[in-house]
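Single-letter residue listing:
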Amino acid sequence: MIKKILIANRGEIALRIVRACRELGIKTVAVYSQADEQSLHVQLADESVCIGPAPSKDSYLRPDRIISAAEITNVDAIHPGYGFLSENARFAEQCEAANIKFIGPRAESIRLMGDKAQARRTAIAAKVPVVPGSDGVIESESEALKLAKKIGFPVIIKATAGGGGKGMRVVYNAVAFAREYDAARAEAEKAFGNGSVYVEKYIEEPRHIEFQILGDQHGKVIHLGERDCSIQRRHQKLIEEAPSPFLTKKLREQMGKTAVRLAESIGFQNAGTLEFLVDKNGNYYFMEMNTRIQVEHAITEEITDVDLVKYQILIASGQHLDLEQKNIQITRHAIECRINAEDPSRNFAPCPGAISLYYAPGGHGVRIDSHCYSGYSIPPNYDSMIGKVITYGRSREVAMDRMYRALSEYIVRGVATTIPFSRAIMRDPVFRASGATTRYVEEFMGRTPKEAWATL
Ligand code: MV4
C-alpha cells in the first residue's frame, strides 16, 4: 500500500493531489522552488522540501533533486501532476530504479506516445482511424512533396517530437511547400533538438475532442466519455466542456470503443487521454495520446462522479479497477473556464504580480480548483493560471448560465485576468448554439470589441 506521496508539481494541481491523498489517508510531501515559498501547496502538505531556485529547469524539472527529496522523506510514490516531468519516460524509470512508484503509465508507454509518428503507427496497427498521411518520418523534401500531392492539398507538416503547435505548418499548394517544409524542420530542430517531420491531410475547422481513459495493472481499460476542447488560442485551451455538444450517442460509443482499443493494444496503465480531431461530417481521426492527468480532468469528474486522481493512486498501488464501463453514466453537463493572469485586450499578455484581493465564487454546481488567495503573488517563472472555474448542472444551458453567474462574482484584484473574456463567451450566441470549432476564439475576438463584452 502507498502511505506517503511526493507531489512533483506546484499550483492548483499540487493542491488537487493533496486533496485526493487526504481522502485516502495518505501523507503528502510538497516540493517547491524558492519562488514558491508562499504557495498553498507548501502550506497544505504534511511536509515540504525546497528543491532549488525559481527557474523550472533548476527545480521542478530536476529529476535528481526530486528523487533526493523523495528519498529523504521516505515516500512510496511520486505523483508528477501535469507539465514538468509528467511525460518524461526517463524520470519514470529513475523513480522505479530508486524503488519509488511513479504514479502514471509505464515508461515504455510514455516513450511510445511521446513520439507522434510512432503513436500514429500504433494507432494504425490497432485499426484506429488516423488522418491520411505519411507512414512515418519523411526523409526528404521531394518525398514529402510527392506525398502531399498524393493526399491532396491542404496538408499539414508536423514535428515528430511536437506538441503545442510548434514545428507545425499548413500548406495550401505545391509552390509554398518547399519554404514551409524548411521552416517546419528549422522550428522543430530549435524547439525539440529534433528536426524530423511528417505530413498529414489538413482537416479544416475541426473540433478537438478527447476521451478520458483509465487502465489498471491487470489489463482492464475503461473510458469516461469525452471532453470538447475546441475553444483554444494558440494551442492554449481556454474553455472545455463535457460531454461534447457535437457528438451523437452513436459517435460517442464508437469513439469510446476506439479509444479503449488503442489503450488496450499498448497495455496502457493509469490515466490517459486520447485526442481526436472530428470534422464537420463526423469523421474522427486519432491525433495523439497524453499519458498524464490533464488540466481539464475535473469536468470529467463532475459528469461521471469518478475521482480520477484517486484512481491514479489506487491503480499505481496495484488495485483492480472497480468500475465497469456499463456503470459509467453521464447525467450532467460541465464546463471549465481556465482563468489566467493575462490581459485579453493586450493580446493575452501574461500579467504576473500580486493579487491584492481574491474572492472565489461558490454555491450550487460550482467547483473552484485554485491555489490563489488574497496577498498571493503570481511568480513570472511558470504558467499564468490563477485557477479553474468548473460549473455543472443537468443541462448545457444550466452549466453556461451558472458559469456566467460564477464568473460575475469572482473577484481578482491587482492583476488583469481572462474572467471578462470567458464571461462574454458564456453569453455569445455562437458558443451557446454549440458552434465552436478550433477557429472560434479568433473569430470571436474579430467580431466582439472588448467594450461589448460586459453588455452581452
Ligand atoms: C491538425 C489540424 C488539422 N489537420 N492535424 C494542433 C496541435 C496538435 N495537437 C494538433 N493540431 C492540429 N492538427 C490535421 N491533420 C489542426 C490542428 C489544430 C488544432 C487542433 C486542436 C485544437 C486547436 C487547433 C488549432 C489549430 C490547429
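Everything numeric here is computed off the predicted structure, so don't read it as measured data.

Scanning the protein chain from terminus to terminus reveals 16 helices and 22 strands. In terms of overall size, the protein chain behaves like a compact globule, its C-alpha atoms giving a radius of gyration of 22 Å where 456 residues would be expected to give roughly 23 Å. Projected onto its principal axes, the C-alpha positions of the protein chain cover 60 × 55 × 45 Å. Burial analysis of the protein chain (456 residues in total) assigns 59% to the buried set. Within the protein chain, counting contacts between residues at least 6 apart in sequence, those at least 24 apart form 64% of the total. Carbon together with sulfur atoms contributes 49% to the accessible area of the protein chain, which is approximately 18700 Å² in total. Taking the average place of the 59 positive charges on the side chains of the protein chain and the average place of its 56 negative ones, the gap between the two points comes to 2 Å.

The next thing to look at is the site of the ligand. Taken together, 16 residues sit near the ligand, with Lys158, Glu200, Lys201, Ile203 and Thr438 positioned nearest. A distance of 2.7 Å separates a nitrogen atom of the ligand from a polar backbone atom of lysine 201. Here the ligand has 520 Å² of accessible area as a free molecule, and 89% of this is covered by the chains. When contributions to the shell around the ligand are tallied by element, the ones reaching two or more residues are strand E6 (155-159), strand E8 (197-201), strand E12 (270-278) and strand E13 (284-290). When grouped by side-chain class, the residues that make up the shell around the ligand number seven nonpolar, four polar and five charged. Summarising the domain contributions, the shell around the ligand has at least three residues from each of domain 2 (132-201) and domain 3 (207-453).

Now for the nonpolar core. Counting residues in hydrophobic clusters, the biggest one holds 37 residues, and the most contacted among them are Ile386, Tyr410 and Met426. Where this core is concerned, the elements lending two or more residues are strand E11 (236-242), strand E14 (333-340), strand E19 (366-370), strand E21 (385-393), helix H12 (396-409), helix H13 (419-426) and helix H15 (440-447). The greatest single-element share of this core, amounting to six residues, is contributed by H12. Counting 33 residues, the second-largest nonpolar core is a separate cluster that includes Val18, Ala45, Leu314 and Leu321.

With that out of the way, let us pick up the pairing of E8. Buried residues dominate E8, accounting for four of its five residues. Sheet topology places E6 next to E8; five bridges connect them, and they run antiparallel. Bridge pairing in E8 links isoleucine 157 to valine 199.

To continue, consider the domain arrangement of the protein chain. For the protein chain, the assigned domains read domain 1 (4-103), domain 2 (132-201) and domain 3 (207-453). Taken together, the 34 residues of domain 1 in the interface contact 30 residues of domain 3. Between domain 1 and domain 3, a total of about 2400 Å² is buried, with carbon and sulfur atoms accounting for 59% of that surface. Where domain 1 meets domain 3, there are five salt bridges. Two residues, glutamate 23 and lysine 310, come together in a salt bridge whose shortest N-O distance is 3.0 Å. Along the contact surface separating domain 1 from domain 3 lie 13 residue pairs in polar contact (both at pLDDT 80 or more). Tallying contributions element by element places helix H1 (residues 11-24) first for the side of domain 1 that touches domain 3, with 11 residues. Residues of the side of domain 1 that touches domain 3, tallied by class, amount to 16 nonpolar, 10 polar and eight charged.

Attention shifts here to the pattern of salt bridges. Counted under the stated rule, the structure contains 40 salt bridges. In this structure, aspartate 58 and lysine 57 form a salt bridge, with 3.3 Å as the shortest nitrogen-oxygen distance. Ionic pairing is found between arginine 252 and glutamate 226, a salt bridge with its closest N-O pair at 2.9 Å. Residue arginine 252 is found in helix H9 (residues 249-265), and its partner glutamate 226 is found in strand E10 (residues 221-233); the two are separated by 26 residues along the sequence. The class for arginine 252 is buried, based on a relative accessible area of 19%. Each of Arg16, Glu301, Glu302, Asp307, Arg332, Arg367 and Asp369 takes part in one network of salt bridges that share partners.

Looking now at the sheet that holds E11. In spatial order, the strands read E13-E12-E9-E10-E11-E14-E21-E19; together these eight strands make up an open sheet with antiparallel pairing. The open sheet has two free edges, formed respectively by E13 and E19, since each of these has just one partner strand. Shown here is a sheet whose adjacent strand axes are inclined to one another by a mean of 25°, direction ignored. Of the strand pairs in this sheet, strand E9 (residues 207-215) and E12 are connected by nine bridges, and their pairing is antiparallel. Its bridge partner lying in E12, glutamate 210 is registered against glutamate 275.

Strand order in the open sheet formed by three strands is E7-E6-E8, and the pairing between neighbours is antiparallel. Where the open sheet ends on each side, the last strands, each with one partner, are strand E7 (169-171) and E8. Between one strand and the next, the sheet's axes are offset by a mean angle of 25°, whatever the strand orientation. Each of E6, E7 and E8 touches helix H8 (residues 174-192); the most contacted strand, E7, lies at about 170° to it.

One full turn of an α-helix is made of 3.6 residues, so residues set three or four places apart face in the same direction. Of all nine residues in helix H11 (residues 308-316), eight are buried; the element is thus mostly enclosed. Buried residues of H11: Leu308, Val309, Tyr311, Gln312, Ile313, Leu314, Ile315 and Ala316, and no others. A positive phi of about 95° marks glycine 318, the residue just after H11.

This part takes up the state of the cysteines. Covalent bonding between the sulfur atoms of two cysteines defines a disulfide. Under the defined criterion, the tally for this structure stands at zero disulfides. Cysteine 95 forms no disulfide, and the closest cysteine sulfur to it belongs to cysteine 21, at a distance of 15 Å. With no disulfide of its own, cysteine 337 lies closest to cysteine 229 among cysteine sulfurs, the gap being 12 Å.

Quick notes on the rules
- Residues numbered from 1 in each chain as written.
- Predicted model: local features only at pLDDT ≥ 70, side-chain atom pairs only at ≥ 80, totals over all residues.
- Heavy atoms only, no water.
- Helix = DSSP H or I, 4+ residues; strand = E, 2+ residues; numbered from the N terminus.
- Rg over C-alpha atoms; globule rule 2.2 N^0.38 Å.
- Buried < 20%, exposed > 50% of the residue type's maximum accessible area, 1.4 Å probe, protein only.
- Contact = heavy atoms within 4.5 Å.
- Areas by Shrake-Rupley, 256 points an atom, 1.4 Å probe, with all protein chains shown as cover.
- Lys, Arg positive; Asp, Glu negative; His and termini not counted.
- Charge placed at Lys NZ, Arg CZ, Asp CG, Glu CD.
- Near = heavy atom within 4 Å.
- Polar contact = N/O pair within 3.5 Å; in protein donor to acceptor, adjacent residues only side chain to side chain.
- Nonpolar A, V, L, I, M, F, W, Y, C, P; charged D, E, K, R; others polar.
- Domains from an automatic or database assignment.
- Core = buried A, V, L, I, M, F, W, Y, C linked by side-chain atoms within 4.5 Å.
- Pairing = 2+ DSSP bridges.
- Buried area = accessible area lost by both parts, 1.4 Å probe.
- Salt bridge = Lys/Arg side-chain N within 4 Å of Asp/Glu carboxyl O.
- Axes fitted to C-alpha atoms, helices over the stretch in contact; angles between N-to-C directions.
- Disulfide = S-S within 2.5 Å.

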